[in-house]
Each structure stands twice: as structure tokens, then as C-alpha cells.
Amino acid sequence: MPPRPMNDDEVLSEMNKMVAFIKQEALEKAREIKVKADEEFAIEKAKLVKQEQQAIDAQFEKKRKGAEVAQKIAQSNLTNKSRLKLLQRREEQLQELFSIARTSILTFAEDEGRYSQFLEGAVVQGFLQLMETRVTLHVRGQDADIMRKAGEAAAHSYAQISGREVSFELETTLSEDCAGGVKLVSSSRRITIDNTLDERLKLLEDKMLPEIRRDLFGPNENRKFYT
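In this text the structure is predicted, and so the values were computed from the model without any measurement. (Residues numbered from 1 in each chain as written. Predicted model: local features only at pLDDT ≥ 70, side-chain atom pairs only at ≥ 80, totals over all residues. Heavy atoms only, no water.)

Novice: Got a minute to help me understand the overall build of the protein chain in this structure?
Specialist: A tally of helices and strands in the protein chain yields four helices and four strands. Listed by position from the N terminus, the elements making up the protein chain come as α-α-β-α-β-β-β-α. A buried classification covers 22% of the 227 residues belonging to the protein chain. Taking contacts inside the protein chain between residues at least 6 apart in sequence as the whole, the part at least 24 apart equals 71%. Surface accessibility of the protein chain: about 17,200 Å² in total, with carbon and sulfur atoms responsible for 55%. (Helix = DSSP H or I, 4+ residues; strand = E, 2+ residues; numbered from the N terminus. Buried < 20%, exposed > 50% of the residue type's maximum accessible area, 1.4 Å probe, protein only. Contact = heavy atoms within 4.5 Å. Areas by Shrake-Rupley, 256 points an atom, 1.4 Å probe, with all protein chains shown as cover.)

Following this line, the structure appears as C-alpha cells:
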């Protein structure tokens, strides 16, 4: 027997059931979409929060390192200034010491006996270095007489040592500001030997400087070897 057609109430009932079913499906789908959207939002939010935190941490680390570098630079500058100040003070002390030595040699020439002996030795040394038959001795004007006697004695000593004769002439060309001594010039005037007191003191300063520094200020911890 063929099914009978549905009446209006039955049709309406079936349509309501379909609407309810569709509505239920829509609600379920909406819930699924909302849950998924919430999850994606939470993930994206956590990602953004993490990125922002990393950016803040990186900025803080950069500032911290910058502050550390600035502090190290400031400490280094302060240390360098202190070291330079100490070195400057030490240099002043050394120059003061050398100044005292220079003042002392100015009075050396006043002791005629010692000064004459020094001149004789300085000239003998110069004669032996030049090994020439004629040499010019340059001295201060006030030393001409004592130099003539010391030169003759030096020529005699040179002859005994080398077996050679040497003659000399005097020129009073050394400055009056010079502490004394003599310069020997070869006959060709190409070779000059500076045996003045000023030059001797300068050479002594250069040679003794490391030892003087060590005696005054102690060993330098930054140097492994000392000369």
C-alpha cells in the first residue's frame, strides 16, 4: 500500500526537526570554530608575548652590555690618567735628579786638579780613537791654559801607548754655557769626538736610566727582563 501524503502538521513537524537539526549542527560548528579560534588566539598571543619579551630582554641585555662597556672605558680612562700622572711625577723626579747632577758638574771644573786630570784622560781617549797626527781641540775660553797643559800631557801618554806622535791646536769655540770638557776634531774635520762634561752626563743618563728607575721606583711588573 503506497504511503499516504503528510498533512500540514506533519510537514511542519518534519521541517521543525530539520531546522532544529541544522541549528544544532550550526551551533556545534560554531563552538568548534570558537574553540579553534580561541586556541589559535592563545597560541598567537603567547607567540607575540614571547617575541616582545625576547625583544625586551635583548634591549635590556644590550643596555647592560653598553653600561658594562661604558664602565670599563671609564675605569680604563681613570687608570690611564692615574698611570700617566704617576709616570709624569716619576719623570719629574728623574729630571730633578739629573738637574742636580748637571748643577754638580758645573762646579767640577772649579777643582783644577781633578778637572785637569779629566781633560788629559778625555784627550788621550780621543787621540786613540782618531789615531791621527794632528787634531784640533775645542774648549771653552777659560779652559785654554789648563787644556794646553793637559793636551801636552795627553800627547806624551798617547805616544807611550801607541808609539805614535800627535800634535794639536786649540780653538776656544765651546759655549760658555757648556760645563767644560773638550771636543776633538780630526784633521779632515769629518770626525768629531764629543768628550764634553755635558755629553758625558747625557750618555750616563741614558745608560743608567733603567737602573736609576729601578733603584728609585722598584722593578716594573710589566717587564719580564731588565737591562
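Novice: Explain the sheet that holds strand β1 (residues 134–138) to me, please; I cannot follow it from the model alone.
Specialist: Two pairing modes exist for strands in a sheet, parallel and antiparallel, and in both the strands are linked by backbone hydrogen bonds. Overall, mixed pairing links the four strands, which are arranged β2-β1-β3-β4 in an open sheet. In this open sheet, the two strands that pair with only one neighbour each are β2 (167–171) and β4 (192–196). In this sheet, adjacent strand axes meet at a mean angle of 20° when their direction is disregarded. Across five bridges, strand β3 (residues 181–186) lies against β4 in antiparallel orientation. When the bridges of β4 are listed, L184 appears paired with I193. Seen against the sheet, helix α3 (residues 144–162) touches β1, β2 and β3 and runs at an angle of roughly 170° to β2. (Pairing = 2+ DSSP bridges. Axes fitted to C-alpha atoms, helices over the stretch in contact; angles between N-to-C directions.)

By themselves, these figures tell us nothing about what the structure is for.
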